[in-house]
Amino acid sequence: MTQPMIQVSHIKKSYKVAKRSSGMRASVSQLFHRHYEIKQAVNDISFSIQEGEIVGFIGPNGAGKSTTIKMLSGILYPQEGQVIINGYVPYKQRKQYVKDIGVVFGQKSQLNWDLPLIESFELMRCIYRIPQKIYEENLEKFVELLDMEEFLHQPVRQLSLGQRMRGDIVAALLHNPKLVFFDEPTIGLDVVAKEKIREFIKYMNQTRHTTMIFTTHDMQDIEKVCSRLIIIDQGKMVYDGTVEEIKKKYSNEKNLVIELADGQKETYSFENGEDSINQVLKNLFAKNMVADITIEEPDIDTIIRDIYEKGVDRT
Ligand SMILES: Nc1ncnc2c1ncn2[C@@H]1O[C@H](COP(=O)(O)OP(=O)(O)OP(=O)(O)O)[C@@H](O)[C@H]1O
Ligand SMILES: [Mg+2]
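These numbers were taken from a predicted model, which means no experiment stands behind them.

J.: Tell me about the packing of aromatic side chains, and name the residues and values.
T.: One pass over the structure, following the stated rule, counts five aromatic pairs. Between tyrosine 77 and tyrosine 91, the aromatic rings sit 5.7 Å apart at their centres with planes inclined by 45 degrees, giving tilted as the arrangement. Of this pair, tyrosine 77 sits in the loop between helix 2 (65–72) and strand 4 (80–85) while tyrosine 91 sits in the loop between strand 4 and helix 3 (94–97), placing them 14 residues apart in sequence. Note on tyrosine 77: relative accessible area 44%, which makes it partly exposed.

J.: Give a detailed account of the environment of phenylalanine 270, specifying residues and quantitative values.
T.: Here phenylalanine 270 lies in strand 11 (residues 265–271). Those residues in contact with phenylalanine 270 that lie beyond four places of it in its chain are Asn252, Glu253, Lys254, Leu256, Ser276, Ile277 and Val280.

J.: Just give me the short version of the nonpolar core, but keep the residues and values in it.
T.: Formed by 51 residues in total, the largest nonpolar core has its most connected members in Leu117, Phe121, Leu174, Phe182, Leu229 and Ile246. Top element by residues in this core is helix 6 (residues 161–173). It accounts for six residues. Other than its neighbours up to four places away in sequence, leucine 229 contacts Gly56, Ile58, Ile222, Tyr239, Asp240, Gly241, Val243, Ile246 and Ile304.

J.: Describe the site of ligand 1, listing the residues and the values that go with them.
T.: In the vicinity of ligand 1 lie 14 residues, with Gly62, Lys65, Ser66, Thr67 and His217 positioned nearest. In this structure, serine 66 approaches ligand 1 through a side-chain N or O atom, which is 2.8 Å from an oxygen atom. When ligand 1 is considered free in solution it has 640 Å² of accessible area, and contact with the protein chains removes 66% of it. Secondary-structure elements contributing two or more residues to the shell around ligand 1 are strand 1 (6–18), strand 2 (36–49) and helix 2. The leading source of residues in the shell around ligand 1 is helix 2, at three residues.

J.: Account for the pattern of salt bridges, with residues named and values stated.
T.: On inspection of all chains with the given rule, the structure shows 16 salt bridges. With a shortest N-O distance of 3.1 Å, glutamate 53 and arginine 228 are connected by a salt bridge. Of this pair, glutamate 53 sits in the loop between strand 2 and strand 3 (54–58) while arginine 228 sits in strand 8 (residues 228–233), placing them 175 residues apart in sequence. Here arginine 125 ties to glutamate 122 by a salt bridge, and the two come within 2.9 Å at their closest N and O atoms. Here arginine 125 and its partner glutamate 122 are both found in helix 4 (residues 117–127), three residues apart, which amounts to about one turn of the helix. What makes glutamate 122 partly exposed here is its relative accessible area of 28%. Overlapping salt bridges bring together Lys194, Glu195, Arg198, Asp218, Asp221 and Lys224 as one network.

The rules we used
- Residues numbered from 1 in each chain as written.
- Chains lettered and ligands numbered in written order.
- Predicted model: local features only at pLDDT ≥ 70, side-chain atom pairs only at ≥ 80, totals over all residues.
- Heavy atoms only, no water.
- Phe/Tyr/Trp six-rings, centres within 6.5 Å; stacked < 30°, edge-to-face > 60°.
- Helix = DSSP H or I, 4+ residues; strand = E, 2+ residues; numbered from the N terminus.
- Buried < 20%, exposed > 50% of the residue type's maximum accessible area, 1.4 Å probe, protein only.
- Contact = heavy atoms within 4.5 Å.
- Core = buried A, V, L, I, M, F, W, Y, C linked by side-chain atoms within 4.5 Å.
- Near = heavy atom within 4 Å.
- Polar contact = N/O pair within 3.5 Å; in protein donor to acceptor, adjacent residues only side chain to side chain.
- Areas by Shrake-Rupley, 256 points an atom, 1.4 Å probe, with all protein chains shown as cover.
- Salt bridge = Lys/Arg side-chain N within 4 Å of Asp/Glu carboxyl O.

Shown next, in the form of structure tokens:
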């Protein structure tokens, strides 16, 4: 295997957070003596990513996803461990490193609120010194793919969330970064807008081999876009593998739905590899006219919810 593009080794990050004590007296005393506690947001995470991968980075609220993305993009530094991307240590060599990357934070726009969208793009062209030809080609292609023609000249403050998000994505990709971080790029968007963004991410990956890492709470994003999935929980990595594998590994219960000739429906749940499925089928066929049989596998939402609730090592 070639040298991975991203090498993350045992990174940790904690925040100092003001401690809350209850009661009036405590509040007054806190005015003078602040009490802090340490919140371990990322606690020993390691992984590597090859060029050209699209990796979904998921986990419950507060798991440490954004903190990790910020360390990878050089906005924060890890207190322990190390990140090496394209040979750079992101927070130390930020100036050279940022040319290689694009960053999209769904919750926080990087566009200038007062400028028409197109002028924010022009600004990117100057900042990144994007050659005119590349800029124009990219802009034309991206605007077409994301269907942005009609609001290009509107100030960003007037844009709807979905329009603004598409603007942020384009702004982050105009300079042809090798690697793009997306932190919740589909948050709050309608199904059509989500689908456009997914298609766009896939297109960039397939045609330009752009490496992508993105966080989301929408499992459809993961299923439709990512080949690889990393799950973190309470600052620790609990899963790293393909979407297929996680389905196979954790979807050990299936529902057999049988519609009888009289229209009645019956549902049976089975653990994988159980013998009783044969018995049930035999009995059914012996006694009834079966009109239809469907086997339902748990969808990715159900599997992920189970992992968040019960952990990966559930029995
Ligand atoms: N600037 C900060 N100061 C103090 N604590 C922080 C700060 N940023 C994050 N935290 C804490 O670190 C933990 C991880 O936060 P982080 O934002 O990385 O989670 P996340 O996985 O992105 O969650 P979400 O899905 O809600 O976006 C949380 O407990 C959060 O309260
Ligand atoms: Mg987050």
